[in-house]
Amino acid sequence: MADPAFVLPTPDVARTTHEGLELYLPTSTEPAPAVLLIHGVPYSAEGRPLPSAWNIYQGYASQLADRGCVAAAVDHSPDGRPDDERSNAALAKAIAAVRAYPRVDGGRLALWFFSGSGPLAAPFLQNPPEWLRCVALTYPVLGDTELVTVRGVHPVEAVKGARGLSVVMTVVGHELADVAPTQPPFIDAARAAGVRLEVIEAPNGRHGFDVLDHTDESRQAVGSALAAVSASVHA
């Protein structure tokens, strides 16, 4: 299976390996905010590298480093199957590792969830840690679907606790049929609770538009999301 290209250029930035994470580094050596990218599940793992090596996450991470953030993708499901306990443990380990890295300002992090990893955002929305500045969600699954089941606190309930937290959500006009209905209740709950929610739209985009739809609209939507997340952690 060919790995589709990211819709934005992938800047040539410095990289290093730390505690099993490939960190993408900004040019400044001063402690910088960090962004962790959490890939979607399920995915077909057969014959493919781990998600951190995919063009999409390398693209996002490089763009974030170019904007002054330390960035990394967390490989929380090596077999591609949803397993909340395993994913939560991998994410907790990655958070601790990146916060302890000398070039990271451990008090300024963002967590960016994609697709089927959306339910993993719930605990961070319900009780945001003091170090969390932003939760980003891109074409997220935010309720039960054919392939993903919400276990534990539901994102629609969890977001009511996110007042004071920046939430950046990217939605597409041609969303998957069983994913699309999970998103409006989350948006409504966030707005009713007074959450600082920014919704970025790609009206002609598909689920996975950031590698599937190489259009000006896609580039603008991805750029807007990157700018919003970067601004949140740098504030």
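Read on for a plain summary of the structure. What you see is a predicted model; the values in this text were computed from it and never measured. (Residues numbered from 1 in each chain as written. Predicted model: local features only at pLDDT ≥ 70, side-chain atom pairs only at ≥ 80, totals over all residues. Heavy atoms only, no water.)

### Details of helix α5 (residues 183-192)
Put simply, the test is: Only protein chains enter the accessibility calculation, which uses a 1.4 Å probe; a residue whose area is less than 20% of its type maximum is buried, one above 50% is exposed, and one in between is partly exposed. Note on conventions: DSSP H or I runs of at least 4 residues are helices, E runs of at least 2 residues are strands, and numbering of each starts at the N terminus. What the arc covers is the set of directions going from the helix axis to the C-beta atoms. Whether two residues are in contact is decided by their heavy atoms, any of which lying within 4.5 Å being enough.
Of all the residues in α5, the buried ones are Q183, F186, I187, A189 and A190. The buried residues of α5 occupy one face: seen down the axis, they fall within an arc of 165 degrees. Looking at α5, the residues exposed on the side facing more than 90 degrees away from the buried face are D188, R191 and A192. As for α5, its buried residues are in contact with α3 (122-126), β6 (132-138), α4 (155-158), β7 (166-174) and β8 (196-206). Looking one or two residues beyond α5, the residue adopting positive phi is G194, at roughly 80 degrees.

### Looking at helix α7 (residues 216-234)
Heads up, the rule is: Helix span, expected: 1.5 Å multiplied by one less than the number of residues in the helix.
For α7, spanning 19 residues, the distance from its first C-alpha to its last is 26 Å, which sits close to the expected 27 Å at 1.5 Å a residue. Buried residues of α7: S218, A221, V222, G223, A225, L226, A228, V229, S230, S232 and V233, and no others.

### Points about the pairing of β8
Rules: Any two strands between which DSSP finds at least two bridges are classified as paired. Convention used here: a crossover is right-handed provided that the path from the first strand, over the helix, to the second strand proceeds clockwise when the strands point away from the viewer.
In terms of strand pairing, β7 meets β8 through 8 bridges, oriented parallel. Among the inter-strand pairings, V172 is bridged to a residue of β8, identified as A202. Crossover handedness for the path β7 to α5 to β8: right-handed.

### A few points about the packing of aromatic side chains
Definition in use: Pairing of aromatic rings covers Phe, Tyr and the six-membered ring of Trp, with a centre-to-centre limit of 6.5 Å; geometry is then stacked below 30 degrees between planes, edge-to-face above 60, and tilted otherwise. Both a distance and an angle decide whether a charge sits over a ring: NZ of Lys or CZ of Arg must be within 6 Å of the ring centre and within 35 degrees of the ring normal.
Throughout the structure, instances matching the rule amount to 11 aromatic pairs. Here Y139 and F209 contribute two aromatic rings whose centre-to-centre distance is 6.1 Å and whose plane-to-plane angle is 85 degrees, an arrangement assigned as edge-to-face. Of the two residues, Y139 is situated in the loop between β6 and α4 and F209 in helix α6 (residues 209-212); the sequence distance between them amounts to 70 residues. Given a relative accessible area of 5%, Y139 falls into the buried group. The rings of F6, Y43, W54, Y57, Y60, W112, F114, Y139 and F209 are connected pair by pair, giving a single aromatic cluster. Directly above the ring of W54 sits R48, whose terminal nitrogen or CZ lies 3.9 Å from the centroid.

### A few points about the pattern of salt bridges
When their charged atoms lie close together, side chains carrying opposite charge are able to pair. This is how it is decided: Salt bridges are counted wherever a side-chain nitrogen of Lys or Arg sits within 4 Å of a carboxyl oxygen of Asp or Glu.
Taken as a whole and judged by the stated rule, the model has 7 salt bridges. A salt bridge links E22 to R15; the nearest nitrogen and oxygen atoms lie 3.4 Å apart. In this structure R15 comes out as partly exposed when scored by relative accessible area, which is 39%. The shortest N-O distance in the salt bridge between R86 and D79 comes to 2.8 Å.

### Focus on the state of the cysteines
The line we're drawing: Note on terminology: pairs of cysteine sulfur atoms within 2.5 Å are recorded as disulfides.
Within the structure shown, the criterion is met by 0 disulfides. The thiol of C69 is unpaired, and the distance to the nearest cysteine sulfur, on C134, comes to 10.0 Å.

### Considering unusual backbone geometry
The step from V41 to P42 runs through a cis peptide bond, and the omega angle for that step is -5 degrees. You can see P42 is positioned in the loop between β3 (32-38) and α1 (55-66). The residue E19 is not glycine, and still its phi comes out positive at about 55 degrees. Inspection of the secondary structure assignment puts E19 in the loop between β1 (14-18) and β2 (21-25).

### Comments concerning the pairing of β7
Counted residue by residue, β7 has 7 buried out of 9 residues, so it is predominantly covered. Of the strand pairs in this sheet, β6 and β7 are connected by 5 bridges, and their pairing is parallel. What sits directly across from V135, in β7, is V167.

### As for the side chain of H207
Heads up, the condition is: Polar contacts, as used here, are pairs of N or O atoms within 3.5 Å; protein pairs need one atom able to donate a hydrogen and one able to accept it. Residues neighboring in sequence count only if both atoms are side-chain atoms.
Mapped onto the elements, H207 comes out in the loop between β8 and α6. Judged by its relative accessible area of 17%, H207 falls in the buried class. At 2.7 Å, the side chain of H207 and the side chain of S115 are in polar contact. When sequence neighbours within four positions are dropped, the list of residues in contact with H207 reads S115, Y139, V172, H174, E175, L176 and L212.

### Re the nonpolar core
What counts is decided by this rule: Among buried residues, those of type Ala, Val, Leu, Ile, Met, Phe, Trp, Tyr and Cys that are joined through side-chain atoms within 4.5 Å constitute a nonpolar core.
Formed by 45 residues in total, the largest nonpolar core has its most connected members in L36, L91, L111, F113, L125 and F186. Sort the elements by how many residues they give to this core and helix α2 (residues 84-100) lands first, with 5 residues. Ignoring sequence-local partners within four residues, the contact set of L36 consists of A72, V74, L91, A94, I95, V98, A110, L111 and W112. Within the second largest apolar cluster, 38 residues are counted, among which are Y24, Y57, A65 and L226.

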